[in-house]
Amino acid sequence: MSSVEQTLSIIKPDAVQRNLVDAIKSKFIENKLNIKKIKKIKISKEESAEFYKVHQTKPFYDGLCAYLSSGPIVVMILEGENAIQKNREIMGATDPQKAEIGTIRREHGISIDKNSVHGSDSPDNAKKEIDFFFKS
Ligand code: UDP
Ligand code: MG
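Quick caveat: nothing in here was measured; it's all calculated off a predicted structure.

Reading the values: rules and limits
- Residues numbered from 1 in each chain as written.
- Chains lettered and ligands numbered in written order.
- Predicted model: local features only at pLDDT ≥ 70, side-chain atom pairs only at ≥ 80, totals over all residues.
- Heavy atoms only, no water.
- Buried < 20%, exposed > 50% of the residue type's maximum accessible area, 1.4 Å probe, protein only.
- Helix = DSSP H or I, 4+ residues; strand = E, 2+ residues; numbered from the N terminus.
- Arc of directions from axis to C-beta.
- Contact = heavy atoms within 4.5 Å.
- Near = heavy atom within 4 Å.
- Polar contact = N/O pair within 3.5 Å; in protein donor to acceptor, adjacent residues only side chain to side chain.
- Areas by Shrake-Rupley, 256 points an atom, 1.4 Å probe, with all protein chains shown as cover.
- 1 Å grid on protein atoms, 1.4 Å probe; cavity = no way out; pocket = protein on both sides within 12 Å on 5 of 7 lines; lining within 4 Å.
- Sits in = over half its atoms within 2 Å of the grid points.
- Nonpolar A, V, L, I, M, F, W, Y, C, P; charged D, E, K, R; others polar.
- Pairing = 2+ DSSP bridges.
- Axes fitted to C-alpha atoms, helices over the stretch in contact; angles between N-to-C directions.

**Quick look at helix α5 (residues 83-91)**
Here's step 1: Within α5, the full set of buried residues consists of Ala83, Ile84, Asn87, Ile90 and Met91. The buried side chains of α5 occupy one side of the element, clustering within an arc of 130° when seen end-on.
Here's step 2: Close packing links the buried residues of α5 with β1 (4-11), α2 (21-30), β3 (73-81), α6 (104-108), β4 (117-119) and α7 (123-134).
Here's step 3: Where α5 ends, the next residue or the one after it, glycine 92, has phi of about 90°, a positive value.

**Let's talk about the site of ligand 1**
Here's step 1: With respect to spatial proximity, the complete set of residues near ligand 1 consists of Lys12, His55, Phe60, Leu64, Arg88, Thr94, Arg105, Ile112, Asp113 and Asn115.
Here's step 2: In this structure, an oxygen atom belonging to ligand 1 sits 3.0 Å away from a side-chain N or O atom of lysine 12.
Here's step 3: A distance of 3.3 Å is found between an oxygen atom of ligand 1 and a backbone nitrogen or oxygen belonging to aspartate 113.
Here's step 4: Here ligand 1 has 500 Å² of accessible area as a free molecule, and 79% of this is covered by the chains.
Here's step 5: At a threshold of 2 Å from the grid points, most atoms of ligand 1 map onto the largest pocket.
Here's step 6: Partitioned by chemical class, the residues of the shell around ligand 1 number three nonpolar, three polar and four charged.

**Section: the sheet that holds β1**
Here's step 1: Here four strands make up an open sheet; going across it, the order is β2-β3-β1-β4 and the pairing antiparallel. Two strands bound the open sheet, and with one partner strand each, they are β2 (34-41) and β4. Each adjacent strand pair in this sheet contributes to an overall mean axis angle of 20°, direction not counted.
Here's step 2: Here β2 runs beside β3; their pairing, made up of seven bridges, is antiparallel. Bridged to asparagine 34 within β3 is glutamate 79.
Here's step 3: Taken strand by strand, α2 contacts β1, β2, β3 and β4, and its axis lies near 10° from that of β3.
Here's step 4: Here α5 sits on the sheet in contact with β1, β3 and β4, set at roughly 35° to β1.

Shown next as structure tokens:
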């Protein structure tokens, strides 16, 4: 079964810095994910730690939080059929070297930490993450 969903996408600092915002937005549009809301922001280390708190026990947590708050990011609400899963497919695997050809991370990611994009991984997390950035 398919259904229209919303998911959260983040273009991470490495990709914003390398002027990849338009190229990444085009990937979503080509794949019928509509950009419902978009904003460019810079978040604090504390906000980054809150956003990624599901990873707080992981060895990479401190570096990850420092990284996401290291420069401007672009956050988006994407909407479309099966948007959550579809976005994950367009992004590719966490490690760009393991991501399939044609995916954003394979084309643009630098390393497992500087992997250019974030995408929600479940309906629950999509809702939480959209609220985190867009609840007024
Ligand atoms: N990450 C990292 N080192 C690792 C695994 C993950 O720096 O060994 C970072 C990477 O930026 C990744 C983020 O932590 O995107 C969140 O990890 P997750 O396993 O949720 O991967 P994702 O859902 O982003 O593919
Ligand atoms: Mg994840």
